[in-house]
Amino acid sequence: MPFPAIETIGCCLPNPIGARVGKRGCLDIATAGLLFESLTVHDIRAYAEACDATAFHYRSHDSRDEVDCILETASGEWAGFEVTLGSDSAIDELC
């Protein structure tokens, strides 16, 4: 199944947003991954706000540890999320 976020931004159009492109004019995996993470975290934050929860990001002082999104409810319950797109082969299948 294709990644809807990538299809939404048109990853296979020639340089759709001035981003780095790879073979056949597709976004390279690093750029596509950053866009996918940004779109996903944006949506998680919107849903969290609607549920009276807080969403934030964590990175250790030395940048070795990171959590892409942490949700915390008013009662103190929390969940951490790692957002990842996949591999180069996943992008190639879309293009």
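Preceding this section is the structure that the text describes.
Every value quoted in this text rests on a predicted model; they were computed, and no experiment measured them.

**Structural notes on unusual backbone geometry**
Then, in step 1: With phi around 60°, Asp-52 is a residue other than glycine that occupies positive phi space.
Then, in step 2: Along the polypeptide, Asp-52 turns up in the loop between helix 2 (29-50) and strand 1 (54-59).
Then, in step 3: Taking the relative accessible area as the measure of exposure, Asp-52 reaches 60% and is therefore exposed.
Then, in step 4: Of note in the backbone geometry, Ser-63 takes a positive phi value of approximately 65° without being a glycine.
Then, in step 5: Topologically, Ser-63 is positioned in the loop between strand 1 and strand 2 (66-72).

**A short note on helix 2**
Then, in step 1: The end-to-end C-alpha distance of helix 2 is 31 Å, a good match for the 32 Å that 22 residues give at a rise of 1.5 Å each.
Then, in step 2: The complete set of buried residues in helix 2 reads Thr-31, Ala-32, Gly-33, Phe-36, Val-41, Ile-44 and Ala-48.
Then, in step 3: Following helix 2 by one or two positions, Asp-52 has its phi on the positive side, about 60°.

**Thoughts on the sheet that holds strand 3 (residues 78-81)**
Then, in step 1: Pairing in this open sheet of three strands is antiparallel, and the strands run 1-2-3 from one edge to the other. One side of each edge strand has no neighbouring strand; the edge strands of this open sheet are strand 1 and strand 3. Recorded for the sheet is a direction-independent mean angle of 25° between the axes of neighbouring strands.
Then, in step 2: Bridge count for strand 1 against strand 2 is five bridges, and the pairing is antiparallel. Bridge pairing in strand 2 places Ala-55 opposite Leu-71.
Then, in step 3: Strands strand 1 and strand 2 of the sheet are contacted by helix 2, whose axis makes an angle of about 15° with strand 2.

**Focus on the nonpolar core**
Then, in step 1: Of all hydrophobic cores here, the largest spans nine residues; its members are Ala-32, Phe-36, Val-41, Ile-44, Ala-48, Ala-55, Cys-69, Val-83 and Leu-85.
Then, in step 2: Ranked by residues supplied to this core, first place goes to helix 2 with five residues.

**Focus on the pattern of salt bridges**
Then, in step 1: Here the structure, examined in full by the defined rule, presents one salt bridge.
Then, in step 2: The salt bridge involving Glu-66 is made with Arg-59; its shortest N-O contact spans 3.0 Å.
Then, in step 3: What makes Glu-66 partly exposed here is its relative accessible area of 35%.
Then, in step 4: Looking at Arg-59, the relative accessible area reads 47%, which means it is partly exposed.

How each quantity is defined
Residues numbered from 1 in each chain as written. Predicted model: local features only at pLDDT ≥ 70, side-chain atom pairs only at ≥ 80, totals over all residues. Heavy atoms only, no water. Helix = DSSP H or I, 4+ residues; strand = E, 2+ residues; numbered from the N terminus. Buried < 20%, exposed > 50% of the residue type's maximum accessible area, 1.4 Å probe, protein only. Expected span 1.5 Å × (residues − 1). Pairing = 2+ DSSP bridges. Axes fitted to C-alpha atoms, helices over the stretch in contact; angles between N-to-C directions. Contact = heavy atoms within 4.5 Å. Core = buried A, V, L, I, M, F, W, Y, C linked by side-chain atoms within 4.5 Å. Salt bridge = Lys/Arg side-chain N within 4 Å of Asp/Glu carboxyl O.

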